[in-house]
Structure formats: structure tokens, C-alpha cells
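Notes for the structure review
Below are the chains, spelled out letter by letter.
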Amino acid sequence: MSKTKLLVAAAIQRVLLRWGQNLGNTEDPSPKQQNADKRKPKGFRGFLLRWDTFLRGGRGCDGEGRCCDEGGREALRCLEHELFASSITKSHIACGFLWWHYRDMLSTGFCDIIYGCCSSRYSSSRSFLSPSGMGSSVSHSAPPAPVIPSAAGAAPPADLKEAAKEENVDWLNLPCPVPYEEIQREALMSLKPELFEGMRFDFTKGLNPKFSLSHSVFMGSAEIPSQSSDTIKVPTAHYEFGANFLDPKLMLVGRILTDGRLNARVKCDLTENLTLKVNAQIQNEPHFSQGTFNFDYKGKDFRSQFQMGNSAFYGINYIQSVSPHLSLGTEAFWLGHQRKSGIGFAARYNTDKMVAAGQIASTGIIALSYVQKVSEKVSLASDLMYNHMTRDITSSFGYDYILRQCRLRGKLDSNGCVAAYLEERLNMGVNFILSAEIDHTKKDYKFGFGMTLGE
């Protein structure tokens, strides 16, 4: 039983004890008592009189003072009439108590009114719950034990509100899920920051609201794959020039580097629901260039995607909302040159406070992730990756802390790797970046810093 429910019950009992001497009994009233009944107080005390009458024997009075002997239901209807006809100031506590235990006997409109009264005014009723607010001499440290009528299945208002919300779900108008490839995006934001080693400087200059140019300079080291466990690093430096065109229905992004690499991205909304995405990467080395075409279709409660790429790659995925919080999806792909194919399944459950996602593929990969939103500024994330073919398993834990002027992200995984990424906003359009990563197993240490100018 919740603390709020006990407080409400105790308050009802104290008030009834306070005015119990003035309530009389349930016997047939004498003419003198009938005249006294005509002068019964209205408002809050009037409500308590009818409530006590209901508890004593199911007899109540309507708004005009006439007595009713039709049992508890008539008494409740009289209480309902009294609350509609008079101005109640402090009776919302008693209304809440009445609603929790006898809501099945009351009309829907009446339940809505007293529930709104309880939820909106409960904070102002704390003085009424205290003995001094009721004028009682009972000690606050030792209140009398509350007498609560038995009511099987009674639930707190929060649970009732959630249950009512679930009952009112329109299953034909479910929300649209996230794209299949972004099913774990919240976890990736915390666990996969853009770590780098060395120095980085980025500058973006807007020529007009839709077109901008970008310049990037990087000096650091690059890792070369090797068969040994040791990490081989070679110094490297490059300059990158970019052009961006951003429109509500068209996005063009291009990057070219001094080593000859060219990256391009295109996103075009063909219709309100159909989008075309093109990604291309051209390099000087043969057989290293890549290109993909994606057609994304967004339905009312589902998303689907068709992919085509070089090396005879074809893929398709589909994700569907099955409830307001749960979405299920599947994917299939075919690699023509390698004569390989595979299928996968995914599930995502999200609320305002958490996101849980899982993926499994016929290639032997199982990926699970969970993100808990502690507050508006703090999020905690964890994931688990299992490869059935190599019997490798990796788990990691990360955090995402957003302050007023900076954002701090970090992670710790089961391989002994610790990483942190800090973005500090020094001024409007000026950001300072710190990146650090320590791999205790490989004894590899990375540290980088950078500056970003422009929005």
C-alpha cells in the first residue's frame, strides 16, 4: 500500500473523528432533528456528513436535504450531486479516497473531475494532512491507525493512469519506428564517439543559408594492420576541403583530401515518403572504391529500405511498430561476388526513460544494447557483442553527460580499453575538443585535441 494512500486514509479518519460527535446516528430523525438537518453545513463539512452517513448504513441526502434509503449507490449519487452543486475547497483528498475504492460505482465524468482535483491540488493539501491544519489535538508523531475499507484490486492513481493510457491505445495509428540501421543509435552516441589521435582543426564558413564551405587539417598517426599483436603507427597529415548544400528536400555533401580520396553523399526526398540516398567513396587504389544506393520508404507505422552497391551487393530491410513502444524488424542481403547471403532480425523497445535493442544475424553476430536516461542531462549505456564464429564476446559500459557548455562521453569495455571524449563550447561557434583512449591490453595510448570554428 502506497504512502499517499495511507496519508489520505489517515486524514479521512481524523476528520471524521473530529466531527464525529456532531454527526448523530442513522435512526429515523425526530422533527427537531429534521429541522437541524435543513441547517446542515454545505461544502466540505457537508461532504463529510454524507460520507459518514454512507459508511454507517448506506443512507444519504440529496442536494435538497431529502433522505434516501436505496443503499450505497444512492448515497454515492447524492455525494456526486453535492460535489457538483457546491463549492468544495479541501475535499479533494476525500474525493481521491472515494475514487480509489468505489470508482466502479461512479460515473465516468465524476471520476475524471475528482481525479483532476486530486492530481492538481495534492501539493496544496499537505497542511490539511497535518494535525494543525485540521485543528486536532492528536500528536503528529503518533497518528491513529487508519481504517481503510477493503477494496480488492485497488491501484494507485499513477498505475490507473498508465492502465487507462494503455487501454486507449489506437492500434491503427502507431508511431513510426526509427530506421533499421539506426536501431541502436542512442547506444552508439555514448559508446562510439569520434576518437582520434593527434591534432585536428575544422573551419566551416557559410556563404548563404543553404551553401557552405569547410576546411579541415589533421596531423597525427595512422595504424597499419599487422599480423603481430603490436600496433604499428606511422605519422600522417592531410588537408580536406568540403562543400555542403543543405535544403529541406535535398542535401549534397562532398569532401576531397590531399591523398586523392573523394567522398560524396546525396540525400533527396523524391516524395513525401520516399527518399533516395547515395554514398560514394573513390580512392586511387584499385578495387577500393565503393558506392551504394538506398531507397527509403517511410510509412505511417513502418519503414522499409532497399540497398544496391558495387560487388553485386543487394539488401533489404523492414521494421514495423507493433505497439507504442515496441518495434520489430528483419533484413536480408546478398553478396554476389562472394556468393554469400544472410538474414537478420532486430527488436527495439523504447520509453521516455530507456531504450533497449537487440539484433541477431545468420552470420553469427548477436548485438544487444541498453540505454537508461537518468535525467535530462545524464544517460548511461551498455552493450554486448558476441561472434559465434570466432567465439569472441565484448561488452562495454558508457556514459553521456551534457552540461550547459560542454558534453562529456566515455566508455569502458571488457578488453581493458578506456576512452573519453569532451566537447567544450568556448563561445558561439567555437568548440574545443579533447579525445583520449587507453588500451591496457595492447599498451596503446591515444590522445588528441582539436578546435572547431563555425556552426
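Residues numbered from 1 in each chain as written. Predicted model: local features only at pLDDT ≥ 70, side-chain atom pairs only at ≥ 80, totals over all residues. Heavy atoms only, no water.

**A few points about the overall build of the protein chain**
- In terms of regular secondary structure, the protein chain is built from ten helices and 21 strands.
- Looking at the protein chain alone, contacts between residues at least 24 apart form 38% of all its contacts between residues at least 6 apart. (Helix = DSSP H or I, 4+ residues; strand = E, 2+ residues; numbered from the N terminus. Contact = heavy atoms within 4.5 Å.)

**Focus: the pattern of salt bridges**
- The full count for this structure, using the stated rule, is 13 salt bridges.
- One salt bridge in this structure joins lysine 233 and aspartate 444, with 2.7 Å as the shortest N-O distance. Here lysine 233 is found in strand E5 (residues 232–246), whereas its partner aspartate 444 is found in strand E21 (residues 444–453), with 211 residues between them in sequence.
- One salt bridge connects lysine 277 with aspartate 296, and the closest N-O pair in it is separated by 3.2 Å. Taken together, the positions of lysine 277 in strand E8 (residues 274–282) and aspartate 296 in strand E9 (residues 290–298) put the pair 19 residues apart, joining distant regions of the chain.
- The exposure class of lysine 277 is partly exposed, given its relative accessible area of 21%.
- Since its relative accessible area comes to 13%, aspartate 296 is described here as buried.
- Bridged by salt links that share partners, the residues Glu182, Arg185, Glu186 and Arg348 form one connected network. (Salt bridge = Lys/Arg side-chain N within 4 Å of Asp/Glu carboxyl O. Buried < 20%, exposed > 50% of the residue type's maximum accessible area, 1.4 Å probe, protein only.)

**Quick look at a nonpolar patch on the surface**
- Residues Phe201, Phe203, Val217, Met219, Tyr239, Phe241, Ile256, Leu262 and Ile282 make up a contiguous nonpolar surface patch of about 710 Å² in total accessible area.
- Of all the secondary structure elements, the ones that give two or more residues to the nonpolar patch are strand E3 (198–206), strand E4 (211–224) and E5. (Patch = residues over 30% accessible without salt bridge, like charges linked within 9 Å, V, L, I, M, F, W, Y side chains within 5 Å. Areas by Shrake-Rupley, 256 points an atom, 1.4 Å probe, with all protein chains shown as cover.)

**Some thoughts on the layout of surface pockets**
- Here the largest pocket is characterised by a volume of approximately 870 Å³.
- Around the largest pocket, the lining comprises 34 residues; the ones closest to its centre are Glu194, Arg200, Asp202, Glu423 and Thr452.
- Looking at the lining of the largest pocket, the element that brings in the most residues is E4, giving six residues.
- Residues that form the lining of the largest pocket fall into these classes: eleven nonpolar, eleven polar and twelve charged. (1 Å grid on protein atoms, 1.4 Å probe; cavity = no way out; pocket = protein on both sides within 12 Å on 5 of 7 lines; lining within 4 Å. Points joined across faces, edges and corners; volume = space filled by probe spheres on them. Nonpolar A, V, L, I, M, F, W, Y, C, P; charged D, E, K, R; others polar.)

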